[in-house]
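These are the residues of each chain, in order.
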Amino acid sequence: MDANDLIKKIRKIEIKSRGLSQNIFAGEYHTAFKGRGMIFSEVRPYQPGDDVRDIDWNVTARQNKPFVKVYEEERELTVMLLIDVSGSRNFGAVGEEKKEMMAEIAATLAFSSITNNDKVGVIFFSDKIEKFIPPQKGKKQILLIIREILNFEPESRGTNIDIVLQFMTNVLKKRCSAFLISDFIDDHDYFKSLSIANRKHDVAALQVYDYRDAELPDVGLIRVRDMETGEDRWFDTSSSSVRKKYAKAWYDRQQKLASVMTRSGVDMASIATNEDFIKALLGLFRRRATPRR
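Residues numbered from 1 in each chain as written. Predicted model: local features only at pLDDT ≥ 70, side-chain atom pairs only at ≥ 80, totals over all residues. Heavy atoms only, no water.

**Some details on the overall build of the protein**
Okay, step 1: Looking only at helices and strands, the protein has nine helices and 10 strands in total.
Okay, step 2: Considering only contacts within the protein whose residues lie at least 6 apart along the sequence, 75% involve residues at least 24 apart.
Okay, step 3: Carbon and sulfur atoms make up 49% of the accessible area of the protein, which totals about 15200 Å². (Helix = DSSP H or I, 4+ residues; strand = E, 2+ residues; numbered from the N terminus. Contact = heavy atoms within 4.5 Å. Areas by Shrake-Rupley, 256 points an atom, 1.4 Å probe, with all protein chains shown as cover.)

**Quick notes on the packing of helix 3 (residues 98-115) against helix 4 (residues 139-151)**
Okay, step 1: Running from N to C, helix 3 and helix 4 point in directions that differ by 170 degrees, and their axes come no closer than 10 Å. As far as their axial angle goes, helix 4 and helix 3 are roughly antiparallel. Only Lys139, Ile142, Ile146, Ile149 and Leu150 of helix 4 make contact with helix 3, whose side of the interface consists of Ala103, Ala106, Ala107, Ala110, Phe111, Ser113 and Ile114.
Okay, step 2: Across the contact of helix 3 with helix 4, the residue classes tally to 10 nonpolar, one polar and one charged. (Axes fitted to C-alpha atoms, helices over the stretch in contact; angles between N-to-C directions. Parallel < 35°, antiparallel > 145°, perpendicular 65-115°, else oblique. Nonpolar A, V, L, I, M, F, W, Y, C, P; charged D, E, K, R; others polar.)

**Re the pairing of strand 5 (residues 129-136)**
Okay, step 1: With five bridges connecting them, strand 4 (residues 119-125) and strand 5 associate as antiparallel partners. The partner of Val122 across the bridge, within strand 5, is Ile133.
Okay, step 2: Between strand 4 and the antiparallel strand that follows it, strand 5, lie three residues. (Pairing = 2+ DSSP bridges.)

**What to know about the confidence of the model for the protein**
Okay, step 1: On average, residues of the protein score 84 in pLDDT, and 81% of them reach the 70 mark or higher.
Okay, step 2: By mean pLDDT, helix 1 (residues 3-33) is the weakest element of the protein at 59, and helix 5 (residues 161-171) is the strongest at 97. (pLDDT = per-residue confidence, 0-100.)

**Notes on the packing of aromatic side chains**
Okay, step 1: Overall, the coordinates contain five aromatic pairs when judged by the stated rule.
Okay, step 2: Between Phe124 and Phe152, the aromatic rings sit 5.0 Å apart at their centres with planes inclined by 10 degrees, giving stacked as the arrangement. Linking Phe124 in strand 4 with Phe152 in the loop between helix 4 and helix 5, this pair joins segments that are 28 residues apart in sequence. Each member of the pair, Phe124 together with Phe152, is buried. (Phe/Tyr/Trp six-rings, centres within 6.5 Å; stacked < 30°, edge-to-face > 60°. Buried < 20%, exposed > 50% of the residue type's maximum accessible area, 1.4 Å probe, protein only.)

**Details of the sheet that holds strand 5**
Okay, step 1: One open sheet accounts for six strands, arranged 5-4-3-6-7-10; its pairing is mixed. Pairing within the sheet leaves two strands with one partner each, and these edge strands are strand 5 and strand 10 (267-272). Taken pair by pair, the neighbouring strands of this sheet meet at an average axis angle of 15 degrees, ignoring direction.
Okay, step 2: Sheet topology note: the strand 6 (residues 177-182)/strand 7 (residues 202-209) ladder contains six bridges and is parallel.

**Looking at helix 3**
Okay, step 1: With 18 residues, helix 3 ought to run about 26 Å at 1.5 Å a step, and its terminal C-alpha atoms sit 26 Å apart, in line with that.
Okay, step 2: Within helix 3, 15 of the 18 residues are buried, leaving the element largely enclosed by the surrounding structure.
Okay, step 3: The positive-phi residue at the C-terminal boundary of helix 3 is Asn117, with phi of around 65 degrees. (Expected span 1.5 Å × (residues − 1).)

**Let's talk about the pattern of salt bridges**
Okay, step 1: Counting across every chain of the model gives 10 salt bridges.
Okay, step 2: With a shortest N-O distance of 2.7 Å, Asp51 and Arg53 are connected by a salt bridge.
Okay, step 3: Judged by its relative accessible area of 71%, Arg53 falls in the exposed class.
Okay, step 4: The salt bridge involving Glu148 is made with Lys131; its shortest N-O contact spans 3.1 Å. Remark: Lys131 occurs in strand 5 and Glu148 occurs in helix 4; sequence separation between them is 17 residues.
Okay, step 5: The exposure class of Lys131 is partly exposed, given its relative accessible area of 31%. (Salt bridge = Lys/Arg side-chain N within 4 Å of Asp/Glu carboxyl O.)

This is how it looks when you write it as structure tokens:
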């Protein structure tokens, strides 16, 4: 898009996202993501009932009596947006294109982060790391992120979620809250890297999909192009068996995805491109704020 269209789009997303983050998400976001990290505060004498794992053995040896470390919630959060920029994000048959919804979701999360005085950064990925924007505070950072989300052109069109998870784990030393935003059309095995990333950080997954990813319309013979490989395939959508097979492939993929997220302890929300993402995000935030049994 040209410069004028880009500025208008940025402004539109800024107004919408700022309103959502301030009026709707602020409290939910704070409850769901604040205080996830703990930082050292001070030492004090050991008291009955204290966890022995918190004993500071160096101070205890010097004072000749037990002391424990006291921790407090870490108020400043670092938010990382892991955004899929592979070819399949350009697909849009029902509602808006996936990349448009991804941009609005990412912008809303970014504005929520600065509302809470948090740092925010981005990793754009395809089947490689396309671009890394280190986390910083402030509106200037947010506008940079939105501009890149809207105008970034990746070098590759494939998808490899494993690579971005490994990159984040290796590069970010401080614990962060990470939002993995993708359609999750990826045949690579990323369970191990997701589990490791979620132990070190705090990962949530946001799946953005089109209804035509899940089912074919009954419109006769159609040509379908894989937007990542460029491969064309013909489907006779008038055949109920073809439509059922296509839907079954989607169902199996979703079941596998849900299993990976559950086993790795990652919360996920799935959002169709013709749906309002507000409800899905609020649901995700509230699930995270609810104590687990």
